[in-house]
Amino acid sequence: MTMAAGCSSDSPNPSTAPSPNQRPTPARAEPNCPNQDVTTSSIGSVPAESLAGDVDGDGADDTVFLAVDPEGPEGCRAFVVADTGTGRLAEEVSDPDISFDLGLPTLEGTMQIDGRPGDEIIVRIMTGASTLFVGLFKVHDGELERVKVAGDSEFGDLFPSGGSVGHLEGSDCTEDGIVVTVALPKERGYEVTRSFYTLDDARAKPGERDVSYVWPRNLDKFPELAGPPFTHCGAEE
């Protein structure tokens, strides 16, 4: 549904889009990482920086952590790892623009996003001047996989959150899946574009796109623009 706000005919303010260095490089084909087994098996069973969550849906907590190999091939320098009741699962974080110099990637948490048994793993991968980007990982058919975004997404397989007065982004859950929202200045308000996705296994499929115009004071109508990404997905495990 399109919302509209009655606005005066005052001169418009120039629209300010996110700066180029805040746009992630488009997703690439998954690399074949020869260092994956060595990197992910060299860490003990309970790393210091880890979290607990039921990611495989068996009702018991699993241990989730990151394994990093700074000297690995491009696309094979970081891995998400989950110790489950049936063994250790791993998947590479293949983004070419990982903010290693800022201490990333880091684990943000585990959340129930698609409504099915097993939490998704939220990993912060990039940070721009005012926007952060996370990736989602989930166990599917006994393997840990990255959630891929189908269609033509300007953020690739990343989900944005943050921004400033010149642009706002947010990613969160809806009743049926995920919403990614971008708000850009237009005239004296904001043009808000909400893109909806449904999760089909490890694939986010695009659905409806809603564009509306609101006054700045009405941006709180979009809860995904406030707080960390995927805040409203339910209780954290």
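Analysis parameters
- Residues numbered from 1 in each chain as written.
- Predicted model: local features only at pLDDT ≥ 70, side-chain atom pairs only at ≥ 80, totals over all residues.
- Heavy atoms only, no water.
- Disulfide = S-S within 2.5 Å.
- Helix = DSSP H or I, 4+ residues; strand = E, 2+ residues; numbered from the N terminus.
- Buried < 20%, exposed > 50% of the residue type's maximum accessible area, 1.4 Å probe, protein only.
- Phe/Tyr/Trp six-rings, centres within 6.5 Å; stacked < 30°, edge-to-face > 60°.
- Pairing = 2+ DSSP bridges.
- Core = buried A, V, L, I, M, F, W, Y, C linked by side-chain atoms within 4.5 Å.
- Contact = heavy atoms within 4.5 Å.
- Axes fitted to C-alpha atoms, helices over the stretch in contact; angles between N-to-C directions.
- Polar contact = N/O pair within 3.5 Å; in protein donor to acceptor, adjacent residues only side chain to side chain.
- Lys, Arg positive; Asp, Glu negative; His and termini not counted.
- Salt bridge = Lys/Arg side-chain N within 4 Å of Asp/Glu carboxyl O.

Undergrad: Break down the state of the cysteines for me, citing the residues and quoting the values.
TA: Among covalent bonds in proteins, the disulfide is the one between the sulfur atoms of two cysteines. Counted under the stated rule, the structure contains two disulfides. With its sulfur 2.0 Å from that of its partner, Cys-173 forms a disulfide with Cys-233. Around the S-S axis, the bridge from Cys-173 to Cys-233 shows a dihedral of about 95 degrees and counts as right-handed. Taken together, the positions of Cys-173 in strand S11 (residues 167-173) and Cys-233 in the segment after strand S14 (203-214) put the pair 60 residues apart, joining distant regions of the chain. For the pair Cys-173 and Cys-233, a shared accessibility class is recorded, and that class is buried. Each bonded cysteine of the chain gets a number by its place in the sequence, and the pairs then read 1-2, 3-4.

Undergrad: Outline the packing of aromatic side chains, supporting the account with residue identities and numerical values.
TA: Applying the stated criterion across every chain, the model contains two aromatic pairs. Measuring from ring centre to ring centre gives 6.1 Å for Phe-133 and Phe-155, while their planes differ by 45 degrees; the resulting arrangement is tilted. Pair noted here: Phe-133 is in strand S7 (residues 131-140) and Phe-155 is in the loop between strand S9 (148-149) and strand S10 (159-164), with a separation of 22 residues, a long-range link. Judged by its relative accessible area of 1%, Phe-133 falls in the buried class. An angle of 75 degrees between the planes, with centres 5.6 Å apart, marks the rings of Phe-159 and Phe-230 as edge-to-face. Placement of the pair is Phe-159 in strand S10 and Phe-230 in the segment after S14, with a sequence separation of 71 residues. The exposure class of Phe-159 is buried, given its relative accessible area of 1%. When its relative accessible area of 1% is taken as the criterion, Phe-230 is described as buried.

Undergrad: Account for the pairing of strand S13 (residues 189-200), naming residues and giving values.
TA: In this structure, strand S12 (residues 178-186) lies alongside S13, joined through nine bridges in antiparallel fashion. Counterpart to Lys-186 in the pairing with S13 is Gly-189. From the end of S12 to the start of S13, which pair antiparallel, there are two residues, and Glu-187 there has a positive phi angle of about 55 degrees. Sheet topology places S13 next to S14; ten bridges connect them, and they run antiparallel. Counted as the bridge partner of Glu-191 is Tyr-213 from S14. Taking the residues between adjacent antiparallel strands as the criterion, S13 and S14 are bridged by two residues, where Asp-201 takes a positive phi near 60 degrees.

Undergrad: Residues and numbers for the nonpolar core, please.
TA: Formed by 38 residues in total, the largest nonpolar core has its most connected members in Val-80, Ile-113, Ile-121, Leu-136, Phe-159, Ile-178 and Phe-230. Listed by contribution, the elements that provide at least two residues to this core are strand S2 (62-68), strand S3 (78-84), strand S6 (120-127), S7, S12 and S13. With six residues, the top contributor of residues to this core is S7. Excluding anything up to four places from it in sequence, Ile-113 contacts Glu-120, Leu-136, Cys-173, Ile-178, Leu-199, Phe-230 and Cys-233. In this structure, Val-214, Leu-219, Phe-222 and Leu-225 belong to the second largest nonpolar core, which totals eight residues.

Undergrad: Please give an account of the sheet that holds strand S1 (residues 50-53) that cites residues and values.
TA: The strand order S1-S2-S3-S4 describes an open sheet built from four strands, whose pairing is antiparallel. Pairing within the sheet leaves two strands with one partner each, and these edge strands are S1 and strand S4 (87-92). This sheet shows a mean twist of 25 degrees between the axes of neighbouring strands, independent of strand direction. Looking at chain direction, S1 and S2 are connected through four bridges and run antiparallel.

Undergrad: For the side chain of Glu-224, give the residues involved together with the corresponding values.
TA: Along the chain, the position of Glu-224 falls in the segment after S14. Within the structure, the side chain of Glu-224 is placed 2.5 Å from the side chain of Thr-181, a separation counted as a polar contact. Only 2.8 Å separates the side chain of Glu-224 from the side chain of Arg-194, close enough to count as a polar contact. Leaving out residues up to four positions away in the same chain, Glu-224 has contacts with Glu-169, Gly-170, Ser-171, Asp-172, Val-179, Thr-181 and Arg-194.

Undergrad: So what about the side chain of Asp-62? Which residues, and what values?
TA: Take Asp-62: it is sitting in strand S2. Buried charge without a partner: Asp-62 forms no salt bridge, and the closest opposite charge is Arg-88, 11 Å away. Looking at Asp-62, its side chain comes within polar contact range of the main-chain nitrogen of Val-55, at 2.9 Å. Leaving out residues up to four positions away in the same chain, Asp-62 has contacts with Leu-51, Ala-52, Gly-53, Asp-54, Val-55, Asp-56, Asp-83, Thr-84 and Gly-85.

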